[in-house]
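Below, each chain spelled out in residue letters.
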Amino acid sequence: MANHYKRILLKLSGEALLGEQGHGIDAKMLSLYADEIKEVQQTGVEVSIVIGGGNIFRGVAGATEGMDRVQGDYMGMLATMINSMALQDALERKGVQTRLMSAIRMEEVAEPFIRRRAIRHLEKGRAIIFGAGTGNPYFTTDTAASLRAIEIEADVILKGTRVDGIYDSDPEKNSSAKKFDTISGDKVLDMRLNVMDLTAFTLCRDNKTPIIVFNMNKKGNLMKVVQKEGDVGTTVIWDKE
């Protein structure tokens, strides 16, 4: 089956790397994600990735109570770099060429983010991991994902979560919650559904960047989303002006 998208940005949560552990990185989850990404990239899809740092930062969250917000946000950015480096290693051990690009300069471990260079890496078949968020405090990794997707002209943002789409209420709390196959961005805002933070969501809306929310933890789902096979996930669409 042919790929529906040529260039994607995959947004992963740091918490997903916890697996069954209470903290840190579960090697099994890391390997699963690397396998899924490799399978998709081998079909010719250009893959970029943004991963959060919740699994690392959550372990020190108590220490940040009362801390300056900016200082805490920079700690969070460094946490994303730990996860990014771990994912880079997992991918390269499976034979996937990668480049880690950081919004904060740390040349010993990552390239600085330069838009034209990032696009060139993708064109050469390398998977890119964008670390350190936007490089600015007060912005989430969801916002970083939206921003990078727009900058590299990605066809879609794929938000990998532990649930299989967008529901009208929390499916983990409400067994009768209704799943949407597609939903308009305006409806997401009207219903106050927690898809992304408002800044990230607004960036996507203004640039008509589609978002697909799906369960990344189910083997084969990433490929199904890329090839639009079955009814995996929920697609957020924007009204044409």
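Check the entry above for the structure.
Only a predicted model underlies this, so the values are computations on that prediction, with no experimental measurement involved.

Criteria and thresholds
- Residues numbered from 1 in each chain as written.
- Predicted model: local features only at pLDDT ≥ 70, side-chain atom pairs only at ≥ 80, totals over all residues.
- Heavy atoms only, no water.
- Core = buried A, V, L, I, M, F, W, Y, C linked by side-chain atoms within 4.5 Å.
- Buried < 20%, exposed > 50% of the residue type's maximum accessible area, 1.4 Å probe, protein only.
- Helix = DSSP H or I, 4+ residues; strand = E, 2+ residues; numbered from the N terminus.
- Axes fitted to C-alpha atoms, helices over the stretch in contact; angles between N-to-C directions.
- Parallel < 35°, antiparallel > 145°, perpendicular 65-115°, else oblique.
- Left-handed = near helix turned anticlockwise from the far one by under 90°.
- Contact = heavy atoms within 4.5 Å.
- Pairing = 2+ DSSP bridges.
- Right-handed = clockwise from strand over helix to strand, strands pointing away.
- Salt bridge = Lys/Arg side-chain N within 4 Å of Asp/Glu carboxyl O.
- Expected span 1.5 Å × (residues − 1).
- Polar contact = N/O pair within 3.5 Å; in protein donor to acceptor, adjacent residues only side chain to side chain.
- Phe/Tyr/Trp six-rings, centres within 6.5 Å; stacked < 30°, edge-to-face > 60°.
- Lys NZ or Arg CZ within 6 Å of the ring centre and 35° of its normal.

Caption draft 1: Expanded view of the nonpolar core. Ile-8, Leu-10, Tyr-33, Ile-49, Leu-87, Leu-158 and Leu-222 are the most contacted members of the largest nonpolar core, which has 39 residues in total. Elements supplying a minimum of two residues to this core: β1 (7-12), α1 (27-41), β2 (46-51), α3 (69-93), β5 (127-131), β6 (156-161), β10 (211-215) and α8 (221-226). Among the elements that line this core, the one with the most residues is α1, at 7 residues. Listed in part, the 28 residues of the second largest apolar core include Met-101, Ile-128, Ile-211 and Trp-238.

Caption draft 2: Representation of the packing of helix α5 (residues 141-151) against helix α7 (residues 198-206). It is the contact of α5 with α7, at a shortest axis distance of 7 Å, that shows an interaxial angle of 20°. The pairing of α5 with α7 is recorded here as roughly parallel in orientation. Note that α5 runs across α7; the crossing there is left-handed. For the pair α5 and α7, the contacting residues are Asp-142, Thr-143, Ser-146, Leu-147 and Ile-150 in the first and Thr-199, Ala-200, Leu-203 and Cys-204 in the second.

Caption draft 3: A look at the pairing of β2. Of all 6 residues in β2, 6 are buried, a share of seventy percent or more. Bridge count for β1 against β2 is 6 bridges, and the pairing is parallel. Pairing of Arg-7 across the sheet is with Glu-46, part of β2. Handedness of the crossover joining β1 and β2 through α1 is recorded here as right-handed. One ladder, built from 3 bridges, connects β2 with β5; its direction is parallel. Paired with Ile-49 across the strands is Ile-129, a residue of β5.

Caption draft 4: View of the pattern of salt bridges. Going through the model one piece at a time under the given rule, you end up with 16 salt bridges. A salt bridge links Asp-142 to Lys-11, with the nearest nitrogen and oxygen atoms 3.5 Å apart. One end of the pair, Asp-142, is in helix α5; the other, Lys-11, is in strand β1, and 131 residues separate them in sequence. With respect to class, Asp-142 is no different from Lys-11; both count as buried. When the shortest N-O distance is used, the salt bridge between Glu-123 and Arg-120 registers 3.5 Å. Separated by 3 residues within a single helix, Glu-123 and Arg-120 lie in helix α4 (residues 115-123), roughly one turn from each other. According to the relative accessible area criterion, Glu-123 is partly exposed, its value standing at 47%. One connected set of salt bridges, linked through shared partners, spans Lys-6, Arg-7 and Glu-46.

Caption draft 5: Up close: the environment of Val-109. Mapped onto the secondary structure, Val-109 falls in the loop between β3 (98-102) and β4 (111-112). Since its relative accessible area comes to 36%, Val-109 is described here as partly exposed. Distance from Val-109 to Met-85, taken between C-alpha atoms, is 8.1 Å for residues 24 residues apart in sequence. If we ignore the near neighbours within four places in the chain, the residues touching Val-109 are Met-81, Met-85 and Leu-100.

Caption draft 6: Region of the structure containing α3. A rise of 1.5 Å per residue sets the reference length of α3, with its 25 residues, at 36 Å; its end C-alpha atoms lie 37 Å apart and thus fit the reference within 8%. Backbone nitrogen of Val-70 and a side-chain oxygen of the N-cap are separated by 3.2 Å at the start of α3; the cap is Asp-68. Backbone geometry just downstream of α3 places Gly-95 in the positive-phi region, at approximately 90°.

Caption draft 7: Summary view of the packing of aromatic side chains. All chains considered together, the criterion is met by 2 aromatic pairs. Arranged with centres 5.5 Å apart and planes meeting at 80°, the rings of Phe-113 and Phe-130 form a pair that is edge-to-face. With Phe-113 in the loop between β4 and α4 and Phe-130 in strand β5, this pair connects stretches of sequence that are 17 residues apart. You can call Phe-113 buried: its relative accessible area is 19%. When its relative accessible area of 3% is taken as the criterion, Phe-130 is described as buried. The ring centre of Phe-113 lies 3.8 Å from the NZ or CZ of Arg-148, which sits over that ring. Its guanidinium or amino end placed over the ring of Phe-130, Arg-148 lies 6.0 Å from that ring's centre, counting from NZ or CZ.

By themselves these figures say nothing about function.
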